[in-house]
Amino acid sequence: MNVNSSSTLLAVPTGPLQISDLPPINEGEIASDIGFSLVIPTYKERDNIHSVVQILTQTLNEYIPEDYELIVVDDDSPDLTWEVAQLLTKEYPQLRVMRRQGERGLSSAVIRGWQVARGQVLGVIDGDLQHPPEVLTQLLSQISQGADMAVASRHVDGGGVSSWSAIRRFLSRGAQILGLIILPGVLGRVSDPMSGYFMVRRSSIAGATLNPVGYKILLEVIGRGNIQKIAEVGYVFCERKEGESKVTWKQYVEYIHHLIRLRLSTGRLKRINQLAANFPMGRFLRFGLVGLSGVFVDMAMLYLLSDPSTLGLPLTRSKIIAGEIAIFNNFLWNDAWTFADVSMRQQQWHQRLKRFLKFNAICLAGLMLNVLVLNVVFNFLIRNRYIANLIAIVIATIWNFWVNLKLSWRVTDVK
């Protein structure tokens with residue numbers, strides 16, 4: 001294999017953000033069969049870049065020696081990150097460097113890096129040491145076992161975050177819930193759709209025109225690529241040691257913009273097929289049976305609270321109380337049965353409490369939906385409180401299952 005050891009900067013591709021099905025061959029180069037190309041997008045990472053390249057090289061040399069390349073794509077950092085990286089190419093022959101002066105943005109930097117990459121598997125990792133390099137070998141292992149994409153996730157076994165503030169956790173959860181509502185066929189396929197640490201087969205995205213907004217390129221790749229099997233590997237997101245965080249409110253606005261644009265542009269049939277293929281029917285049936293027990297609890301409490309022959313409380317107030325009791329009933333059964341595979345590994349009281357609080361918050365949102373549907377149906381369609389209540393329960397159950405599946409029973413603890 002001929003690995004470019006020249007310190008010459010890579011030419012920046014122009015035109016549409018498309019990946020070719022065959023690796024590019026530049027003038028004077030010999031065609032080479034590289035298994036893996038890892039892009040490291042950077043901006044003002046001068047203090048980190050040497051350590052990142054050193055650790056990645058050591059990791060990949062042990063796992064796939066001489067079958068990989070590292071591509072630093074720098075957005076013309078004022079601290080001259082690209083220049084530091086360029087000097088490193090003499091020490092690390094697998095390293096290639098691109099300096100972009102006419103474009104900006106993490107997502108487009110990754111794609112430009114992939115456009116010059118020679119690997120059959122394309123990956124991305126942050127240049128700030130927040131993504132643990134040792135997870136690369138696990139991701140590559142998943143690809144070798146047949147996955148089209150392997151995603152490092154904070155929300156599966158082995159995953160977590162190191163020291164996020166309550167506000168950042170809230171924003172992250174809120175962004176995921178919003179994504180599940182707007183684009184369930186994409187975000188529903190992975191537990192951590194906000195991840196920026198993943199790899200994908202070149203053949204799965206070759207020819208697709210990518211048009212990402214902001215930092216969240218994973219959404220774009222899943223939404224526009226031809227990706228069948230996705231594997232996930234847990235990792236702990238670490239706080240940066242050098243440099244400054246680039247997460248701002250602008251990224252959250254761009255994220256919403258990206259969701260809406262993907263929603264409007266991706267094919268409806270494709271989304272439905274992907275969602276159906278990844279829908280956990282067995283778990284949903286268990287959730288449904290648990291929900292059925294909650295229906296009886298809910299109905300019984302609604303009768304005791306609202307019927308004129310008993311307490312005779314107003315319908316809305318009775319429904320809220322009855323629903324909260326049913327929520328508690330459902331959590332106990334779901335924790336012990338529906339999601340037992342997760343709860344058995346997280347049996348400490350604070351872990352169970354965290355799951356209950358999440359479940360309760362999601363179901364309370366579902367309860368608000370339930371109350372709204374109940375009043376609309378009862379007041380405008382069917383003057384029977386029990387039939388109206390049953391319709392409201394069905395609609396709320398779909399909401400409760402899908403959001404709890406993605407947010408409540410998953411790994412989020414600090415490791």
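Rules and cut-offs
Residues numbered from 1 in each chain as written. Predicted model: local features only at pLDDT ≥ 70, side-chain atom pairs only at ≥ 80, totals over all residues. Heavy atoms only, no water. Helix = DSSP H or I, 4+ residues; strand = E, 2+ residues; numbered from the N terminus. Contact = heavy atoms within 4.5 Å. Areas by Shrake-Rupley, 256 points an atom, 1.4 Å probe, with all protein chains shown as cover. Salt bridge = Lys/Arg side-chain N within 4 Å of Asp/Glu carboxyl O. Buried < 20%, exposed > 50% of the residue type's maximum accessible area, 1.4 Å probe, protein only. Phe/Tyr/Trp six-rings, centres within 6.5 Å; stacked < 30°, edge-to-face > 60°. Core = buried A, V, L, I, M, F, W, Y, C linked by side-chain atoms within 4.5 Å. Patch = residues over 30% accessible without salt bridge, like charges linked within 9 Å, V, L, I, M, F, W, Y side chains within 5 Å. Axes fitted to C-alpha atoms, helices over the stretch in contact; angles between N-to-C directions. Parallel < 35°, antiparallel > 145°, perpendicular 65-115°, else oblique. Left-handed = near helix turned anticlockwise from the far one by under 90°. Nonpolar A, V, L, I, M, F, W, Y, C, P; charged D, E, K, R; others polar.

1. Some points on the overall build of the protein
Here is step 1: Along its length, the protein carries 15 helices and nine strands.
Here is step 2: Within the protein, contacts between residues separated by at least 24 positions form 82% of all contacts whose residues are at least 6 apart in sequence.
Here is step 3: In the form shown here, the protein has an accessible surface area of approximately 18800 Å², with 61% of it arising from carbon and sulfur atoms.

2. Side note on the pattern of salt bridges
Oppositely charged side chains may form a pair once their charged atoms are brought near each other.
Here is step 1: The final tally for this structure, using the stated rule, is 12 salt bridges.
Here is step 2: Linking Arg118 and Glu69 is a salt bridge whose minimum nitrogen-to-oxygen distance equals 3.0 Å. Of this pair, Arg118 sits in the loop between helix H3 (106–116) and strand S4 (119–124) while Glu69 sits in strand S2 (residues 68–74), and the two are 49 residues apart along the sequence. No difference in accessibility class separates Arg118 from Glu69, as the two residues are buried.
Here is step 3: Measuring nitrogen to oxygen at the nearest pair gives 2.7 Å for the salt bridge that ties Asp335 to Arg355. Note that Asp335 is positioned in helix H12 (residues 315–338) and Arg355 in helix H14 (residues 349–380), a separation of 20 residues in sequence. Each member of the pair, Asp335 as well as Arg355, carries the same accessibility label: buried.
Here is step 4: One salt-bridge network, held together by shared partners, links Asp75, Arg100, Glu103 and Arg112.

3. Quick look at the packing of aromatic side chains
Here is step 1: For the structure shown, the criterion picks out six aromatic pairs.
Here is step 2: Pairing Phe331 with Phe356 gives two aromatic rings, centres 5.2 Å apart and planes at 70°, and the pair type is edge-to-face. On the criterion of sequence distance, the pair formed by Phe331 in helix H12 and Phe356 in helix H14 is long-range, its members being 25 residues apart.
Here is step 3: A relative accessible area of 4% places Phe331 in the buried class.

4. Comments concerning helix H8 (residues 217–224)
Here is step 1: The buried fraction of H8 is high, at seven of eight residues.
Here is step 2: Among the residues making up H8, those that are buried are Ile217, Leu218, Leu219, Glu220, Val221, Ile222 and Gly223.

5. Regarding the environment of Leu139
Here is step 1: Note that Leu139 resides in helix H4 (residues 135–144).
Here is step 2: A relative accessible area of 0% means that Leu139 is categorised as buried.
Here is step 3: Spatially, the C-alpha atoms of Leu139 and Gly123 are 9.6 Å apart, while their sequence positions differ by 16 residues.
Here is step 4: Among all residues touching Leu139, those that are not within four sequence positions of it are Ala150, Val151, Ala152, Tyr197, Met199 and Val233.

6. Topic: the side chain of Ser343
Here is step 1: Residue placement: Ser343 occurs in helix H13 (residues 340–343).
Here is step 2: For Ser343, a relative accessible area of 4% gives the class buried.
Here is step 3: Setting aside residues up to four positions removed in sequence, Ser343 forms contacts with Asp335, Arg355 and Trp409.

7. Here we look at the side chain of Ser318
Here is step 1: Within the secondary structure, Ser318 sits in helix H12.
Here is step 2: Dropping the residues within four chain positions of it, Ser318 is found in contact with Leu302, Leu305, Ser306 and Leu313.

8. What about unusual backbone geometry?
Here is step 1: Not every positive phi belongs to a glycine, and Lys44 is a case in point at roughly 55°.
Here is step 2: Among the structural elements, Lys44 can be located in the loop between strand S1 (34–42) and helix H1 (46–63).
Here is step 3: Overall, the relative accessible area of 32% leaves Lys44 in the partly exposed class.
Here is step 4: Even without glycine at this site, Glu66 takes up a positive phi of about 60°.
Here is step 5: Here Glu66 shows up in the loop between H1 and S2.
Here is step 6: Residue Glu66 is classed as exposed on the basis of its relative accessible area, which comes to 56%.

9. Some details on the nonpolar core
Here is step 1: Formed by 33 residues in total, the largest nonpolar core has its most connected members in Phe36, Leu70 and Met199.
Here is step 2: Of all the elements in the fold, those that place two or more residues in this core are S1, H1, S2, helix H2 (81–88), strand S3 (95–99), H4 and strand S5 (149–153).
Here is step 3: Those residues in contact with Phe36 that sit more than four places away from it in its chain are Leu60, Ile64, Asp67, Tyr68, Glu69, Gly119, Val121, Leu122, Gly123, Leu136, Leu140 and Met199.

10. Notes on a nonpolar patch on the surface
Here is step 1: A cluster of nonpolar side chains, namely Leu289, Leu292, Phe296 and Trp337, defines an oily patch on the protein surface of about 440 Å² accessible area.
Here is step 2: With three residues, the top contributor of residues to the nonpolar patch is helix H11 (residues 281–306).

11. Notes on the packing of H1 against H4
Here is step 1: Running from amino to carboxyl end, H1 crosses H4 at an angle of 40°, the nearest separation of the two axes being 9 Å. Comparing the axis directions of H1 and H4 gives the class oblique. The two elements H1 and H4 cross, and the hand of that crossing is right-handed. In this structure, H1 uses Leu56, Thr59, Leu60 and Tyr63 to contact H4, whose residues at the interface are Leu136, Thr137, Leu140 and Ser141.
Here is step 2: A per-class count over the contact of H1 with H4 returns five nonpolar, three polar and no charged.

12. A short note on the packing of H14 against helix H15 (residues 385–407)
Here is step 1: One can describe the packing of H14 onto H15 by two numbers: an axis separation of 8 Å at closest approach and a directional angle of 150°. Here H15 runs roughly antiparallel to H14, going by the angle between their axes. Crossing angle aside, the handedness with which H14 passes H15 is right-handed.
Here is step 2: Grouping the amino acids of the contact of H14 with H15 by side-chain chemistry returns 18 nonpolar, five polar and two charged.

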